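# An overview of the molecular structure
This is what each chain is made of:
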Amino acid sequence: MAEKLKQASSRGSGNADRQPAAAGLPLPRHIAIIMDGNGRWAVSRGKGRTAGHRAGIESVKAVLRAALDLGLPELTLYAFSTENWKRPRTEVSFLMRLLRSYLAAQRAKMIRDGVRLGVLGDVAGLPAPVRQELDRTLEATAGGRRLLVNLALNYGSREEIARAARLAAADVAAGRLAPDAITAEELERRLYTAGHPDPDLVIRTAGEMRMSNFLLWQSSYAEFWVTPVLWPDFRREHLEEALADFGRRQRRFGGLPDSDE
Ligand code: FPP
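Quick notes on the rules
- Residues numbered from 1 in each chain as written.
- Predicted model: local features only at pLDDT ≥ 70, side-chain atom pairs only at ≥ 80, totals over all residues.
- Heavy atoms only, no water.
- Helix = DSSP H or I, 4+ residues; strand = E, 2+ residues; numbered from the N terminus.
- Buried < 20%, exposed > 50% of the residue type's maximum accessible area, 1.4 Å probe, protein only.
- Contact = heavy atoms within 4.5 Å.
- Salt bridge = Lys/Arg side-chain N within 4 Å of Asp/Glu carboxyl O.
- Pairing = 2+ DSSP bridges.

## Observations regarding the overall build of the protein chain
Each helix and strand in the protein chain was counted, giving eight helices and six strands. Each helix (α) and strand (β) of the protein chain, taken in turn from the N terminus, gives the series α-β-α-α-β-α-β-α-β-α-α-β-β-α. The burial tally for the protein chain puts 48% of its 261 residues in the buried class. Contacts in the protein chain between residues far apart in sequence, at least 24 positions, make up 72% of those at least 6 positions apart.

## So, the pattern of salt bridges
Under the definition given, this model contains 23 salt bridges. Close ionic contact of Asp 36 with Arg 204 constitutes a salt bridge, the shortest N to O distance being 3.1 Å. Of the two residues, Asp 36 sits in the loop between strand 1 (30-34) and helix 2 (38-43) while Arg 204 sits in strand 5 (residues 201-204), which places them 168 residues apart along the sequence. Among the residues examined, Arg 204 registers a relative accessible area of 4% and is labelled buried. The partner of Asp 113 in a salt bridge is Arg 65, with the nearest N and O atoms 3.6 Å apart. Of this pair, Asp 113 sits in helix 4 (residues 89-113) while Arg 65 is found in helix 3 (residues 49-70), placing the two residues 48 residues apart along the sequence. Where salt bridges share partners, they join Arg 29, Asp 200, Glu 223, Asp 245, Arg 249 and Arg 251 into one cluster.

## Observations concerning the pairing of strand 5
Here strand 5 shows a buried face lined by Leu 201 and Ile 203 and a second buried face lined by Val 202 and Arg 204. As defined by bridge partners, strand 1 adjoins strand 5 across four bridges and the pair is classed as parallel. Bridging across to strand 5, Ile 33 finds its partner in Ile 203. Where strand 5 and strand 6 (residues 223-226) come together, four bridges link them in parallel fashion. Along strand 6, the bridge assignment pairs Ile 203 with Trp 225.

Spelled out as structure tokens, the structure:
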């Protein structure tokens, strides 16, 4: 088992060697969450969809609290995809306002808790007031050392990979990179997640079994955990359930179980 834990953590900084006190199981170094089901949660209560997004903020807070308590080093939340612009304008505006007010209201607490904010996605495509609030929070929390929380905003994997290819092509055109030097590592260095460990665990709420253009490259070897629980109902116990399941998975990264070597 110890050998497997080492294997699971060999691609990054080694945090996966840490053990959650209660279960004695390996912790993921990076958890990514597809927060789905806000609309269904609201509609099932006879409310407008935006009420579900508002309620989803409570789940975000609960998950951050739990991540801090459990000593998880990195969390990525899929908050707004490149496809989400297709939603009604009122819903998009509501989500943007919610994001701004969340950042403004939580900034001081993030600093106190040692949380550092990160952003993945095409930030330039977000409304200026959101960018301002993001910039303030990125700067104010830059010293956070306990937990890195990345918000995937205006994020889409296909665009991220195409952008990495464009950046590499520009380097080739400028004579900084040979075409046959474009390796997976070179492309990784040009993804929004450059320098981050790949997610070990991807959680999706509300039961859908799809990736929805989220961290497609980075999740190549991630463990996937889907729950029927709608995002606004997601709490610490569900995260702990996912972690317990993750701890029991045998990760082989395309190799063989140790016993078969
Ligand atoms: C998916 O539910 C959820 C979203 C597209 C937005 C997620 C946003 C939040 C939880 C609030 C803002 C987040 C932060 C981090 C401040 P859906 O609307 O697709 O639900 P449905 O599939 O039931 O319609």
